[in-house]
Amino acid sequence: FVAGLSDDELEALTRGHGMMNSPLGAPGNAGVLGGVIPGLREKGVLPVVCADGPAGLRLQKYCALVPCGTALACTWNCELVEELYRLVGAEMKHYGVDVLLAPGMNIHRNPLCGRNFEYFSEDPVLSGEMAAAITLGVQSIPGCGTTIKHFACNNQEDNRIHSDSVITERTLREIYLKGFEIAVAKSNPMSIMTSYNLVNGVHAANNFDLCTKVARNEWDFKGLIMTDWYTTNNGPDCTASGCMRAGNDIVMPGLPMDHENLEKELSEGTLDIRDLKKCICRVAQTGWMS
């Protein structure tokens, strides 16, 4: 299938539709990927609709409001959380949403972090168990999936695009990666979203060690890895081609500059077309084709 795609179709499968609230999805969606151009839709690639959480589903429809991540973690009740998110998955199906951009599962490291309410805990094991329960609930509904985020070390909102988490490997693995590892092993989420920040000097979205060596090679993660929204719009140190080389499959929401960067690096040979096609193969294997 991938070998039969045109250059324009190959490029389109590496990015979203270019906006939030895409006309290809339910009003209020966070963006669409997959069949974002007519040529792909004619080949049977469906538009894949994303919606934000973090306390249920966020659309312009009347959606159920469920407790935030911290409140759920206070229950210590994985069975209850899984049952709750089975209902969220059913609501996703009803409104035509394929991917929930949740659960957020970063560590409660700083009490001033503006998004702590949607994360679970200062405990990576509890965070991993809760994220797995949410994923199992949502993904019990055929065609619906979750996105565990933000991978990794996204521990503050202030200056989150330029902050650098300088960290030892032991601390990284025992605290900041452990929850993600548990969620991948126990629930096989549809996707992982990389974070804005740097980890030891390298942007998380351009970090081969995190995206490929750890998530894919060590944890055997089979799903999609996508960027956070507008990650590549913040300077030359984090590019769409860098995301592809690192192991991201989709750059979201997809900007003209991403197309220009991919085209430039492919023509110059700094991005190998085989790396790009690996990403596209993973997109094509997710089951979003009619």
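Conventions adopted
Residues numbered from 1 in each chain as written. Predicted model: local features only at pLDDT ≥ 70, side-chain atom pairs only at ≥ 80, totals over all residues. Heavy atoms only, no water. 1 Å grid on protein atoms, 1.4 Å probe; cavity = no way out; pocket = protein on both sides within 12 Å on 5 of 7 lines; lining within 4 Å. Points joined across faces, edges and corners; volume = space filled by probe spheres on them. Nonpolar A, V, L, I, M, F, W, Y, C, P; charged D, E, K, R; others polar. Helix = DSSP H or I, 4+ residues; strand = E, 2+ residues; numbered from the N terminus. Contact = heavy atoms within 4.5 Å. Polar contact = N/O pair within 3.5 Å; in protein donor to acceptor, adjacent residues only side chain to side chain. Buried < 20%, exposed > 50% of the residue type's maximum accessible area, 1.4 Å probe, protein only. Salt bridge = Lys/Arg side-chain N within 4 Å of Asp/Glu carboxyl O. Pairing = 2+ DSSP bridges. Axes fitted to C-alpha atoms, helices over the stretch in contact; angles between N-to-C directions. Phe/Tyr/Trp six-rings, centres within 6.5 Å; stacked < 30°, edge-to-face > 60°.

1. A look at the layout of surface pockets
The computed volume of the largest pocket comes to approximately 290 Å³. Its residues assigned to classes, the lining of the largest pocket shows eight nonpolar, two polar and seven charged.

2. Overview of the side chain of T146
With respect to the element layout, T146 can be found in strand β4 (residues 145-151). Residues within four places of T146 in sequence aside, it is in contact with L100, A102, P103, I134, T135, V138, Q139, P189, M190 and S191.

3. Side note on the side chain of T135
On the secondary structure map, T135 appears in helix α5 (residues 124-138). A polar contact is formed between the side chain of T135 and the side chain of T146, at a distance of 2.9 Å. Contacts of T135, omitting those with residues within four sequence positions, involve P103, T146, I148, S187 and P189.

4. Some remarks on the environment of P47
Position of P47 among the secondary structure elements: in strand β2 (residues 47-52). With relative accessibility at 25%, the residue P47 sits in the partly exposed group. Not counting the four nearest positions on each side in its chain, P47 is found in contact with L24, V32, L33, G35, R41 and D98.

5. Considering the pattern of salt bridges
All chains considered together, the criterion is met by 18 salt bridges. The partner of E157 in a salt bridge is R160, with the nearest N and O atoms 2.9 Å apart. A relative accessible area of 22% means that R160 is categorised as partly exposed. One salt-bridge network, held together by shared partners, links E169, R173 and E218.

6. As for the sheet that holds strand β6 (residues 191-194)
A sheet is described by the order of its strands in space; here six strands give the open sequence β1-β2-β3-β4-β6-β9, paired in mixed fashion. Of all strands in the sheet, those with a lone pairing partner are β1 (31-34) and β9 (224-226), marking the two edges. Across this sheet, the average inter-strand angle for adjacent strands is 30 degrees, counted without regard to direction. As paired strands, β1 and β2 are joined by four bridges and run antiparallel to one another. Across the sheet, the residue bridging to L33 is V48, located in β2. Where helix α8 (residues 208-218) meets the sheet, its contacts fall on β4, β6 and β9, and the angle it forms with β9 comes to roughly 160 degrees.

7. Regarding empty space enclosed by the protein
What the rule picks out here adds up to two cavities of 30 Å³ or more. Taken as a whole, the largest cavity encloses approximately 70 Å³ of empty space. Forming the walls of the largest cavity are 13 residues, and the residues nearest its centre are P54, Y85, P103, E118 and I134. Class assignment of the residues belonging to the lining of the largest cavity gives a composition of 10 nonpolar, two polar and one charged.

8. Topic: the packing of aromatic side chains
Considering all chains together, one arrives at two aromatic pairs under this definition. Ring geometry for F151 and F180: centres 5.1 Å apart, planes at 70 degrees, overall edge-to-face. One end of the pair, F151, is in strand β4; the other, F180, is in helix α7 (residues 178-187), and 29 residues separate them in sequence. By the burial criterion, F151 is buried, and F180 matches it. Here the aromatic cluster, defined as three or more aromatic residues joined through ring pairs, consists of F151, F180 and W219.

All we've got here are geometric facts, nothing functional implied.
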